[in-house]
Structures are given as C-alpha cells and as structure tokens.
Amino acid sequence: MALQECGLNLNSASKELQPHGSLEFPCAGYSSCHRDRQEDIIPWHWHEEMEIVYIKNGQMEIKIPSESFLLQKGDCVVINSNVLHYGAAVAECELCSLVFSPALITGNEDFVFAKKYIQPLLACGSFCGYFIKAEDNEDVAHWFLCAFEALANDCYGYEFIVREKLSRICLFLYGELKPQAEMRNIRLNQDNLRIRKMLAFIHKNFSDDISVSEIAGTADISERECLRCFQKTIQLSPVQYLLKYRVMQGAEMLLGNPADSISKIATLCGFDSPSNFSKIFKRFYNCTPREYRNLDINK
C-alpha cells in the first residue's frame, strides 16, 4: 500500500474530509518536508482517526488545545481521535505519520480490545496528545517505523505488521494512562468543543465584518470566556486568528485566481482596503501579495 499524498481538505469546522486508507484497511501513511514559512504550516484541524507523528530530521512544534510539543529527530507524538492539532517546522523538518481508525485495532466494538483498552483510552480526558522523546522510549519509535516502512514498501502481509505494531503502541499508551483513564478533564473537553464551533463560524464568515461578541455567541459564552478559550487552546486571540485565516485564504486566492485583482481579493478576504491587506500579508509571508503571486509564476 503506497503512501498517500499530503494535503488537507478541511470543511468549515476544520474537520479533515480526506479519507485515510480504505474501508477494508483504515490506515494511511504520509511523508512530508516542511520549512519555516507560512505556506508550510499544518493548520489547525481534526479528524476522527488517531495520528502518530514521527520526526525523521529537524524540529517541529506541534500544538493541541492548551499544550505544545517541540519534537526533534526520533521523537513521536500520538494525537487522540477528534482533537484539534497544528504543526509548524522550526527551520526545516522531515516527518512521517500514520493516521488510522481505532477500529483497525479493535475490530468489532463489542470485542475486548475495544471495551477494555481502546474505548477507555479514547475517552481519557487527559489524553489529547502524548509526547514520547526518543531517549525516553526507543520501543515506540521502533514499532512506528516497522509499521510505517511495511506500509510504505507494500511488503507481504503489511496489514498484519501495521496492525500489530499500532496495537503495541496503543497498549503502551493505555498502560501509561491507565491510572487516569477513569478521570475526565471536563474543562479541557469543553474547550475543545467550544473552539471547534468558534473556528467553524470564523471559517464560514471570515469575509464579513465579524466581532468577538458574534464569535463568542456561536459557543454560547461571554467575550471574556471566548478570549480565555482561544488563548488557552490555540495561543491566539480571536482577532489574531481571524486575521491569520484571512491572509491564508488570500494567499490561496492569489495563486488560484490569477485573473482577480489584489483589490478584489482583499475585499473577498474581509479587508477594508488593499493597503491593509498588503500590510498584514507582508507580516505573515515576508513579501507583498503581488510579489507572492509573481514568485509562483516564476517557479
């Protein structure tokens, strides 16, 4: 089974729509290189599958609600099902990842694998992301690489190898988190649901003149609680996130709609003037919108 092409296809609620693997074998492998630039950022998103990220070279900062991890060569992080996450390279980074449905491990939801181990692990309030440093546990990295290479090389019986190695990793996580498996971090889960609702509203209405009050209203919370939730989960204010999202949409439009003027794109992205759009765009991309468009043409 070959590796799948990288590339996020997100809906307005930041949920990834791209299927990972197939119905018969719900697991996909990805390999990608990233640099410290805006277009290489992995934006905030979530999916129903679990994900394991392994750093082959370089460094990457991976964020989940309320926590961030600086991964270096040989480090892994396991991200739980339905958890928002984000990634950005520190200088340069090469990573491998496996995205898989828990059903690959459990089989039928009535089996002991699901009831005794995986369901309690998925429901564990303290398990949003689990960071494993290379020097702390070599086994997890070894299991991951065995699974990844078997899938990438399409070797004989890779399905058995991938399932067995991922099962070992899940059992390791269960063992590490077992004392906390019955404890639910209600506040963290609540923040995760709230931030998804508010991001969905921003993504759907980013071109409009929206206020913090309107953003907060989508999650039925106060402006103050909205500010706390954004800062706690993604370390940005709602206004900062809105500006960043508008600029990222503008960058896509500059390349995807070459016939549109920069003035038109500025309006479509919710900026009150082309000059303001250019000013904010340069802050993120270190070049003007016109320069950014010309760079792509000249590649």
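For the structure itself, consult the block above.
In what follows, the accompanying structure is described.

**Section: the packing of aromatic side chains**
Thought 1: Under the criterion given, the structure shown has 15 aromatic pairs.
Thought 2: Between Tyr-54 and Phe-144, the aromatic rings sit 5.6 Å apart at their centres with planes inclined by 25°, giving stacked as the arrangement. Residue Tyr-54 is located in strand β3 (residues 50–64), and its partner Phe-144 is located in helix α3 (residues 138–152); the two are separated by 90 residues in the primary sequence.
Thought 3: Taken together, a centroid distance of 5.6 Å and an interplanar angle of 40° make the contact between Phe-69 and Phe-131 tilted. Taken together, the residues Phe-69 in strand β4 (residues 67–71) and Phe-131 in strand β7 (residues 129–132) connect sequence positions 62 residues apart.
Thought 4: The structure contains a cluster of three or more aromatic residues connected by ring pairs, namely Phe-271, Phe-277, Phe-281, Tyr-285 and Tyr-292.

**Re the packing of helix α2 (residues 112–123) against helix α4 (residues 158–177)**
Thought 1: Orientation of α2 relative to α4, taken along the N-to-C sense of each, is 70°, at an axis distance of 10 Å. If you check the angle between α2 and α4, you find them roughly perpendicular. When you trace α2 past α4, the crossing you get is left-handed. Touching Lys-116, Tyr-117, Ile-118, Pro-120 and Leu-121 of α2 are Cys-170, Leu-171, Leu-173, Tyr-174 and Leu-177, all from α4.
Thought 2: Tallied by class, residues from the contact of α2 with α4 come to 9 nonpolar, no polar and 1 charged.

**Here we look at the pattern of salt bridges**
Thought 1: Within this structure, the stated rule accounts for 10 salt bridges.
Thought 2: Residues Glu-225 and Arg-194 are paired through a salt bridge, measuring 2.8 Å at the closest nitrogen-oxygen approach. Note that Glu-225 is positioned in helix α7 (residues 223–234) and Arg-194 in helix α5 (residues 186–205), a separation of 31 residues in sequence. As far as the burial class goes, Glu-225 and Arg-194 line up, both buried.

Cut-offs and rules
- Residues numbered from 1 in each chain as written.
- Predicted model: local features only at pLDDT ≥ 70, side-chain atom pairs only at ≥ 80, totals over all residues.
- Heavy atoms only, no water.
- Phe/Tyr/Trp six-rings, centres within 6.5 Å; stacked < 30°, edge-to-face > 60°.
- Helix = DSSP H or I, 4+ residues; strand = E, 2+ residues; numbered from the N terminus.
- Axes fitted to C-alpha atoms, helices over the stretch in contact; angles between N-to-C directions.
- Parallel < 35°, antiparallel > 145°, perpendicular 65-115°, else oblique.
- Left-handed = near helix turned anticlockwise from the far one by under 90°.
- Contact = heavy atoms within 4.5 Å.
- Nonpolar A, V, L, I, M, F, W, Y, C, P; charged D, E, K, R; others polar.
- Salt bridge = Lys/Arg side-chain N within 4 Å of Asp/Glu carboxyl O.
- Buried < 20%, exposed > 50% of the residue type's maximum accessible area, 1.4 Å probe, protein only.

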